[in-house]
Amino acid sequence: MKLNKLLTGILALTVGAMSLTACGNVDENSSAKDEDSELQPFHVAVMTGSGEQYAVYIGIEQGIFEKYGLDISVTEYAYGINTMDAVQNGTADTGDLADFTLVNRIGNTLEGTNLVVYSELSGGTGYDTTGGLYVSAEYVDNLQGLTESKGIIGNVGTATEYQNYVALTYIGVDADAVPNVNLGDVSTSLALIQKGDASAVVASGSTARRYEEYGMVLVATSEEIGVATRSYLLTTDEILSEKADLLAAYLNGLEESVQYISDNLDEVTPIISQKFSVEEDDFISSWTNLQFNFGFTEAGAERLEDIGKWAYEHGKYDTEYNIRDFIDTTAAVLAFGEDSDKITVQLS
């Protein structure tokens, strides 16, 4: 059992510097100012184009993480699953995963996993309700024809697999009969759509607009379908036992960084655009459709349970398990207080 195993009064730890040798793009920016700093090294694995990536960068630039005693270093990965590889091989202290990917990863490594979910990150009511299920124009009046189409864009084992199933089921199409185009890179997916080599996709925010430009038609909105994805922050048992105070500081710094961006969107947007080569309008659209949640709510746990039930029933892993056994609110309690309304999850 992994439920609140640590005392919330954990003393501050002196953490030795770790070398970051993971594959990926290491952000050379660091929150450390000088050699005499008492800041603690903290390594973050982020997914390309995620809200967390933007918030961490701005938090470093604005000195926000320094206020919480952290010297942040960042490694960027293409997918959330890669951030977990970095956490489990010891090259990162924390990473993020989407709901389905999280449940699937633990379910398929149940006997040997040391992963712990210590906070929600983003998602929930009102989150990312733009976009939805898009299909090629020829299938708008013949949705059943998708079973004989070029297929729906997705990435097996990630949140898109679950999203696609829910979306196709919502419009009355047998999801198992629709071919899967196993791609996760947006630019490649757009190229396939443009060439007519894919017939459907679930998309939101600025990405959805890109698909519309290539002639895709919205047949069901994300809000109607209920496919808004939640994401979560994970670490390992070992890291949590050694660095609960640093994980808590990271939550505080990340929350403040998110608020800084929201409060200074005009100032931040051109900075993000130049740093990450993202169109300013696309960033604004994506950011304003994000809802961040730090701490752990009962709704966040129930979401994982619902997806876990679906995943087990659809053969994604062999052994049914209780996801709450892998939730630990120690760091969240240190960050926000035991009585905080940010922490409403029920753990026995």
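As the structure is a prediction and not an experimental result, all values here were calculated from the model.

What counts as what
- Residues numbered from 1 in each chain as written.
- Predicted model: local features only at pLDDT ≥ 70, side-chain atom pairs only at ≥ 80, totals over all residues.
- Heavy atoms only, no water.
- Phe/Tyr/Trp six-rings, centres within 6.5 Å; stacked < 30°, edge-to-face > 60°.
- Helix = DSSP H or I, 4+ residues; strand = E, 2+ residues; numbered from the N terminus.
- Buried < 20%, exposed > 50% of the residue type's maximum accessible area, 1.4 Å probe, protein only.
- Axes fitted to C-alpha atoms, helices over the stretch in contact; angles between N-to-C directions.
- Parallel < 35°, antiparallel > 145°, perpendicular 65-115°, else oblique.
- Contact = heavy atoms within 4.5 Å.
- Nonpolar A, V, L, I, M, F, W, Y, C, P; charged D, E, K, R; others polar.
- Pairing = 2+ DSSP bridges.
- Core = buried A, V, L, I, M, F, W, Y, C linked by side-chain atoms within 4.5 Å.
- 1 Å grid on protein atoms, 1.4 Å probe; cavity = no way out; pocket = protein on both sides within 12 Å on 5 of 7 lines; lining within 4 Å.
- Points joined across faces, edges and corners; volume = space filled by probe spheres on them.

Student: Sorry if this is basic, but what is going on with the packing of aromatic side chains here?
Tutor: In this description, a pair of aromatic rings is defined by centroid distance and the angle of the planes. One pass over the structure, following the stated rule, counts 16 aromatic pairs. Arranged with centres 5.3 Å apart and planes meeting at 85°, the rings of Tyr54 and Phe283 form a pair that is edge-to-face. Note that Tyr54 is positioned in helix H1 (residues 51-61) and Phe283 in helix H11 (residues 280-288), a separation of 229 residues in sequence. Ring plane angle 80° and centroid distance 5.2 Å describe the contact between Tyr162 and Trp310, whose orientation is recorded as edge-to-face. Note that Tyr162 is positioned in helix H5 (residues 159-170) and Trp310 in helix H12 (residues 298-313), a separation of 148 residues in sequence. According to the relative accessible area criterion, Tyr162 is buried, its value standing at 12%. What makes Trp310 buried here is its relative accessible area of 11%.

Student: Could you clarify how one ought to interpret the packing of helix H9 (residues 237-263) against helix H10 (residues 265-276) in this entry?
Tutor: The relative placement of two packed helices comes down to the angle between their axes together with the axis-to-axis distance. One can describe the packing of H9 onto H10 by two numbers: an axis separation of 6 Å at closest approach and a directional angle of 105°. Comparing their axes, H10 and H9 come out roughly perpendicular. Counted together, Tyr260, Ile261, Ser262 and Asp263 of H9 and Leu265, Glu267 and Val268 of H10 form the full contact between these two elements. A class-by-class count of the residues in the contact of H9 with H10 yields four nonpolar, one polar and two charged.

Student: Quick question: what am I supposed to make of the pairing of strand E6 (residues 132-135) here?
Tutor: Each regular strand shows side chains that alternate between the opposite faces of the sheet. Across four bridges, the pairing between E6 and strand E9 (residues 200-203) is antiparallel. Residue Leu133 lies in a different strand from E9, and its bridge partner there is Val202. One ladder, built from four bridges, connects E6 with strand E10 (residues 217-221); its direction is antiparallel. Counterpart to Tyr134 in the pairing with E10 is Leu218.

Student: Sorry, what's going on with the packing of H1 against H10 here?
Tutor: Between H1 and H10, whose axes approach to 11 Å, the crossing angle comes to 110°. Classed by the angle they form, the pair H1 and H10 counts as roughly perpendicular. Facing Gln53, Tyr54, Tyr57 and Ile58 of H1, the residues of H10 in contact are Val268, Ile271, Ile272, Lys275 and Phe276. Classifying every residue of the contact of H1 with H10 by side-chain character gives seven nonpolar, one polar and one charged.

Student: So what exactly am I meant to see when it comes to the nonpolar core here?
Tutor: One broad rule of soluble globular proteins: the nonpolar side chains tend to lie buried together. Residues Leu102 and Leu133 are the most contacted members of the largest nonpolar core, which totals 48 residues. For this core, the elements supplying multiple residues, two or more each, are helix H3 (80-88), helix H4 (99-108), strand E5 (115-122), E6, H5, E9, strand E11 (231-236) and H12. Among all residues touching Leu102, those that are not within four sequence positions of it are Leu97, Val117, Tyr232, Leu234, Leu304 and Ile323. Ranked by size, the runner-up nonpolar core spans 42 residues in total, among them Ile60, Ala244, Ala249 and Tyr250.

Student: How do you make sense of the layout of surface pockets when you look at a structure like this?
Tutor: Gaps between atoms show up when a probe of the same size as a water molecule is rolled over them. The computed volume of the second largest pocket comes to approximately 230 Å³. Around the second largest pocket, the lining comprises 13 residues; the ones closest to its centre are Glu161, Tyr165, Ala175, Asp176 and Lys316. The element contributing the most residues to the lining of the second largest pocket is H5, with four residues. Residues of the lining of the second largest pocket, tallied by class, amount to seven nonpolar, three polar and three charged.

Student: Before we go on, may I ask you to explain the sheet that holds strand E4 (residues 95-98) in this structure?
Tutor: Two strands in a sheet stick together by hydrogen bonds in their backbones, pointing the same way (parallel) or opposite ways (antiparallel). Within the open sheet, the three strands sit side by side as E4-E11-E5. Their pairing is antiparallel. If you trace the sheet from one side to the other, it starts and ends with E4 and E5, each paired once. Strand-to-strand twist of the sheet, defined as the mean angle between neighbouring strand axes without regard to direction, takes the value 35°. Strands in contact with H4 are E4, E5 and E11; relative to E4, the strand with the most contacts, it is inclined by about 100°.

Honestly, that's just the spatial picture; any functional story needs more than this.
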